[in-house]
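Structural description and commentary
So the chains spell out like this:
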Amino acid sequence: MRAFTKHKGVAAPMDRANVDTDLIIPKQFLKSIKRSGFGPNLFDELRYLDEGQPGQDHSKRPINPDFPLNHPRYQGASVLLARKNFGCGSSREHAPWALDGHGFRAIIAPSFADIFFNNCFKNGLLPIVLEEEIVDQLFTEMYAEEGYELVVDLEEQVVIKPNGETLAFEVDAFRKHCLLNGLDDIGLTLEDADDIRAYEAKRREQAPWLFDAVK
Amino acid sequence: MGHPQNKKQTLYDKLWQDHLVKSRDDGTALIYIDRHLIHEVTSPQAFEGLRLAGRKPWRTDSVVATPDHNVPSHVEERAGGIEGIVDEVSRIQVKTLNENCEDFGIVEFGINDPGQGIVHVIGPETGATLPGMTVVCGDSHTSTHGALGALAHGIGTSEVEHVMATQCLIQKKMKNMLVRVDGELGPGVTAKDVVLAIIGKIGTAGGTGYAIEFGGSAIRSLSMEGRMTVCNMAIEAGARAGMVAVDDVTLEYVKGKPYAPKGEMWELAVANWSRLHSDDGAHFDAVVELKAEEIEPQVSWGTSPEMVVPVSALVPSPADENDATKKAGIERALEYMGLEAGQKITDIALDRVFIGSCTNSRIEDLRAAAAVAKGRKKADSVKQVLVVPGSQAVKAQAEKEGLDKVFIEAGFEWREPSCSMCLAMNADKLGAGEHCASTSNRNFEGRQGYGGRTHLVSPSMAAAAAIAGHFVDVREMQEAA
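No experiment lies behind these values; they were computed from the predicted model shown.

1. Describing the overall build of chain B
- The secondary structure content of chain B amounts to 17 helices and 19 strands.
- Over its C-alpha atoms chain B spans a radius of gyration of 22 Å, differing by no more than 12% from the 23 Å that the globule rule assigns to 481 residues.
- Expressed along its principal axes, the backbone C-alpha trace of chain B runs to roughly 60 × 55 × 45 Å.
- A total of 481 residues make up chain B; the buried ones form 67% of that total.
- Contacts in chain B between residues far apart in sequence, at least 24 positions, make up 75% of those at least 6 positions apart.
- Carbon together with sulfur atoms contributes 50% to the accessible area of chain B, which is approximately 15,800 Å² in total.

Here it is in structure tokens:
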């Protein structure tokens, strides 16, 4: 996994609550058997004026001029500002893959849905929870200033605003460790393979019906 | 393991502790996974990851696979098996699951196997999911299996790979929430109405960070199918896991299922499962209470499952909402849905009706819909009524009971087991602007088709809407019958 340490980038808005993963990446694109290539279809139904299909040339599709991510000022943005309960609904990891594919490295919101939040960390994408009032303030400042940039420092656990003000955020120690070092957590878990085998042996004894029933 | 034996525990606490391999200093834990269900959409990248790293599945007998999202529901297309799938991209995905299962030695119920079905229908139905298990699947509606007294939740594709490679998940313990529904449900009020009412009350993020246990006399009185409907939609309230304590209804359901323990092993299992309930006085971080008598048949009007009202109500007005974000959400939803604030729910006309999905495609759901459809005809204004059984076994049972004939005589279409129009990955979808009465779980923008407008309801309410051409209180039809 790609490491995340410190990132500076233009902020862009997704200014509505309860953004679900169907909205982030519609189902027709889930038919892919790959992990990449979802960027052009991020927020597909909002970005374009037609219905997208897998495999088409998306550069030829009609763009929705009212959708903020299509505005020149947000081109190349890599920090997404969002509202409450971002990423609710389906467990599709295609949602973080699409955000990543479009170039986002961090998402700031007052709250996230559990499965989406977890999926982000597996893909080098950092979801940051800040208080609602603070997120409101960031939206206001971003709208007021073209090219509004934020620095996200994972080591220090702070978001730094253009005026130098720092906003502290929480992150689980384990997830932070994995992100900072770009670690594959399967490898880490397999370091505990003996513990897993010991547990499994005990469970096989206590609940034998759970083993070898399906063959 | 950190818990004194005398401490009063919730059902979730017990399931967590039973599966705890190791607690780590950083607050995370390794949790052992008993059953891993996989389908074609969220597994290909996980298998690819295993291949790239040269890893093998830890325990193939813990994995059960079936294709459900992409498989055609149309009888003729389906008859051609994998090669008959018209959409090439879907065909490749279903084929890829097939090849991966063969390569890695995993049991798969293939496209036209008698065991095939929606993964959350076939798990309980075959006994592949059992009380006391941890169950995961790369699908958020895995919470369904919690109805058996299991700890079941959806995971992403990276975790699908992680579970295959290690038989474990890295987890942090969730908080405990009890949703208690006491009293007696009125006639015509179903499990679907109960869970929609719960989501309407606590909101789509109300359960975020929690494992929800559903309890109370109204939940206890539900069949296993009904409990599965309730747990299925825990995720729509933000909770990854929903569950119901084991009781006689659970045991009666599980007994005799193909993969369920038999003979002496059954007795051993039952003895073990008898403790799968919350202890009296166990601590819940949050408790939500509903009175069964106050729950009416529900209809969602907006683009989030929390945007739901009783069938007798009016479409809400943004003017009545003080919170600016919520007000904007209502305005946007009204525009997307093409509805006016203050309009009667019963005045909403339907273009299509969908009866199916992992929420409501079990035999009891089809019986409820058939009871309303019997001897009636779909309204001419309704273009299509799809009835999609959740599994081959459900389909066979329904045909044995003659339900397929009831539907066909009413002008409904009887299809093949698949996820179908719940998420429109196969050919079954809404056209832009079309209103659909749907027994599925999500009314998000575009969920059932680009520009489609979904209204979530119970199977009997969906059948009633198909007959009337607009929403009606199914209780009026049931009284008339």
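The rest of the description comes next.
2. Brief notes about helix α3 (residues 94-102) of chain A
- Every buried residue of α3(A) is accounted for by A:His94, A:Ala95, A:Pro96, A:Trp97, A:Ala98 and A:Leu99.
- For α3(A), the elements touching its buried residues are α1 (21-24), β2 (79-82), β3 (106-109) and α4 (114-121) of chain A together with α2 (44-53) and α6 (157-166) of chain B.
- A:Gly103 sits one or two positions beyond α3(A) and adopts a positive phi of about 110°.

3. Topic: the state of the cysteines
- The full count for this structure, using the stated rule, is zero disulfides over all chains.
- Summary of cysteine pairing: A:Cys120 is not part of a disulfide, and the nearest cysteine sulfur, belonging to A:Cys88, is at 13 Å.
- This cysteine, B:Cys419, is not joined by any disulfide, and B:Cys358 carries the nearest cysteine sulfur, 6.7 Å off.

4. Comments concerning the nonpolar core
- Residues A:Phe43, A:Phe86 and A:Leu99 are the most contacted members of the largest nonpolar core, which totals 111 residues.
- No other element matches helix α16 (residues 459-468) of chain B, which puts seven residues into this core.
- Beyond its immediate chain neighbours, meaning those up to four positions away, A:Phe86 contacts A:Met14, A:Val19, A:Ile24, A:Phe43, A:Leu80, A:Leu99, A:Ile107, A:Ala109, A:Ser111, A:Phe112, A:Ala113 and A:Phe116.
- One finds B:Ile38, B:Ala128, B:Leu148 and B:Tyr259 within the second-largest nonpolar core, a separate group that totals 108 residues.

5. What to know about the pairing of strand β2 (residues 29-32) of chain B
Residue and element names in this part refer to chain B.
- Alternating positions in β2 separate into two faces, Ala29 and Ile31 on one and Leu30 and Tyr32 on the other, with burial throughout.
- Linking strand β1 (residues 20-23) back to β2 in an antiparallel pair, the connection comprises five residues, with Gly27 at a positive phi of about 90°.
- Inspection of the sheet shows β2 paired to strand β8 (residues 168-171) by four bridges, in the antiparallel sense. Bridged to Leu30 within β8 is Ile170.

6. Points about the sheet that holds strand β5 (residues 149-153) of chain A
All names here are of chain A.
- The strand order across the open sheet formed by seven strands is β4-β3-β2-β1-β5-β6-β7, and the pairing between neighbours is mixed. Edge positions in the sheet fall to β4 (126-129) and β7 (166-168), since each has one partner strand and no second. The mean angle between the axes of side-by-side strands here comes to 30°, regardless of whether they run parallel or antiparallel.
- When strand β1 (residues 6-14) meets β2, the two strands line up parallel, connected through four bridges. Bridge pairing links Ala11 to Val79 in β2.
- In the packing of α4 onto the sheet, contacts are made with β3 and β4, and the angle to β4 comes to roughly 130°.
- Contacts from helix α5 (residues 132-144) reach β1, β2, β3, β5 and β7 within the one sheet, and its direction differs from that of β1 by about 85°.

What counts and how
- Residues numbered from 1 in each chain as written.
- Chains lettered and ligands numbered in written order.
- Predicted model: local features only at pLDDT ≥ 70, side-chain atom pairs only at ≥ 80, totals over all residues.
- Heavy atoms only, no water.
- Helix = DSSP H or I, 4+ residues; strand = E, 2+ residues; numbered from the N terminus.
- Rg over C-alpha atoms; globule rule 2.2 N^0.38 Å.
- Buried < 20%, exposed > 50% of the residue type's maximum accessible area, 1.4 Å probe, protein only.
- Contact = heavy atoms within 4.5 Å.
- Areas by Shrake-Rupley, 256 points an atom, 1.4 Å probe, with all protein chains shown as cover.
- Disulfide = S-S within 2.5 Å.
- Core = buried A, V, L, I, M, F, W, Y, C linked by side-chain atoms within 4.5 Å.
- Pairing = 2+ DSSP bridges.
- Axes fitted to C-alpha atoms, helices over the stretch in contact; angles between N-to-C directions.

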